[in-house]
Amino acid sequence: MLYYFLNWIRTSFDTPGFGVFQYLSFRSAAAAITALIISLLFGQKLINTLKKMQMSEQAKTELQDIGLHVEKAGTPTMGGLIILLAVLLPTILWADMSNMFVIMIVLVTTLMGMLGFLDDYLKVIKKYKKGLIARYKIIGQVAIGLILGGTIYFFPESFSPTFPDYNTLTTIPFAKD
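Residues numbered from 1 in each chain as written. Predicted model: local features only at pLDDT ≥ 70, side-chain atom pairs only at ≥ 80, totals over all residues. Heavy atoms only, no water.

Overview of helix α2 (residues 24-52)
Because each turn of an α-helix spans 3.6 residues, side chains separated by three or four positions in sequence point in the same direction. Helix length check: α2 (29 residues) gives 40 Å between terminal C-alpha atoms against 42 Å at 1.5 Å per residue, within 8%. If you look at α2, its biggest bend is around 40°, right at F42. Within α2, the full set of buried residues consists of R27, A30, A31, T34, A35, I38, G43 and L50. Where α2 ends, the next residue or the one after it, Q54, has phi of about 55°, a positive value. (Helix = DSSP H or I, 4+ residues; strand = E, 2+ residues; numbered from the N terminus. Expected span 1.5 Å × (residues − 1). Bend = angle between axes of the 7 residues up to and from the residue. Buried < 20%, exposed > 50% of the residue type's maximum accessible area, 1.4 Å probe, protein only.)

Written as structure tokens, this is what we have:
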């Protein structure tokens, strides 16, 4: 959203210095700083709220006998909400949301976060010891992966006009060409 607003200011008013917002490296740095600020402002408050609501991890009884997993007891669960907030909000603010790659990243991150939330919800609220059964977690993750892979494979033109030539190749992030 900020990306479009600042780009509109640059094009409408020919404001000096606003050209920097079109560069991916600048927006990435701004998103990282935004994520840090979100984490610092809301992280401790959310952890304290989760502790007050007694939404904390229980040590596994089978591992307590041998002294393992005890340190996890009392750790607030649903802390992934902080991570989701710190990842998704800066992405929505600073990214070009017309880019199909960004849309798919936001979608996959949201769906995986919902799967994690469901697991924590079943553990804490419904009091299922193991949360979401591992088989269902895998099914959910594979389904999300198939949605992503199918979208990339069957609709490559949605990503870029030249993408159909490369949609099955693996690339190395941050390496040019």
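There's plenty left to go through after this.
Quick look at the packing of aromatic side chains
Scanning the entire structure with this criterion turns up nine aromatic pairs. Feature note: the residues F18, F21, F26 and W94 constitute an aromatic cluster, connected by ring pairs. It is R135 that lies over the ring of Y136; its NZ or CZ is 5.7 Å from the centre. (Phe/Tyr/Trp six-rings, centres within 6.5 Å; stacked < 30°, edge-to-face > 60°. Lys NZ or Arg CZ within 6 Å of the ring centre and 35° of its normal.)

Digging into a nonpolar patch on the surface
A cluster of nonpolar side chains, I33, I37, L41, F42, L85 and L89, forms an exposed patch at the surface whose accessible area comes to about 530 Å². Looking at the nonpolar patch, the elements that each hand over two or more residues are α2 and α4 (80-94). Considering each element in turn, the nonpolar patch owes the most residues, four residues, to α2. Of note, I33 is situated in helix α2. (Patch = residues over 30% accessible without salt bridge, like charges linked within 9 Å, V, L, I, M, F, W, Y side chains within 5 Å. Areas by Shrake-Rupley, 256 points an atom, 1.4 Å probe, with all protein chains shown as cover. Salt bridge = Lys/Arg side-chain N within 4 Å of Asp/Glu carboxyl O.)

Thoughts on the environment of F18
Mapping F18 onto the fold places it in the loop between α1 (2-13) and α2. Among the residues examined, F18 registers a relative accessible area of 22% and is labelled partly exposed. Between the alpha carbons of F18 and L6 there is a distance of 7.0 Å; along the sequence they are twelve residues apart. What F18 contacts, discounting residues up to four positions off in sequence, is L6, I9 and R10. (Contact = heavy atoms within 4.5 Å.)

Regarding the pattern of salt bridges
Tallied over the full model, the rule gives two salt bridges. D119 is the partner of K123 in a salt bridge, and the nearest nitrogen-oxygen pair spans 3.6 Å. Pair noted here: K123 and D119 are both in helix α5 (residues 100-124), with a separation of four residues, about one helical turn. Between K137 and D119 there is a salt bridge whose closest N-O contact spans 3.5 Å. With K137 in helix α6 (residues 134-154) and D119 in helix α5, this pair connects stretches of sequence that are 18 residues apart.

Side note on the nonpolar core
By size, the foremost hydrophobic cluster in this structure holds seven residues: L6, I9, F21, A30, A31, L93 and W94. Elements with a minimum of two residues in this core: α1, α2 and α4. Not counting residues up to four positions away in its chain, the partners in contact with F21 are Y3, L6, F26, R27 and W94. (Core = buried A, V, L, I, M, F, W, Y, C linked by side-chain atoms within 4.5 Å.)

Quick word on α6
Compared with an ideal rise of 1.5 Å per residue, which puts 21 residues at 30 Å, α6 spans 29 Å between its outermost C-alpha atoms and is within 8% of the ideal. Buried residues along α6 sit against α5.

Some details on the packing of α4 against α5
Between α4 and α5, the shortest axis-to-axis distance is 11 Å and the interhelical angle comes to 165°. The angle between α4 and α5 falls in the class roughly antiparallel. Relative to α5, α4 is oriented so that their crossing is left-handed. Along its contact with α4, which presents L81, L84, V87, L88 and T91, the element α5 presents V102, V106, T109, T110, G113 and F117. Of the residues assigned to the contact of α4 with α5, the class counts are seven nonpolar, four polar and no charged. (Axes fitted to C-alpha atoms, helices over the stretch in contact; angles between N-to-C directions. Parallel < 35°, antiparallel > 145°, perpendicular 65-115°, else oblique. Left-handed = near helix turned anticlockwise from the far one by under 90°. Nonpolar A, V, L, I, M, F, W, Y, C, P; charged D, E, K, R; others polar.)

Thoughts on unusual backbone geometry
Backbone geometry places D14, a non-glycine residue, at a positive phi of 50°. Assignment of secondary structure puts D14 in the loop between α1 and α2. One non-glycine residue with positive phi stands out, namely K127, at about 60°. Turning to its location among the elements, K127 is positioned in the loop between α5 and α6. Accessibility expressed as a relative area gives 62% for K127, which makes it exposed.

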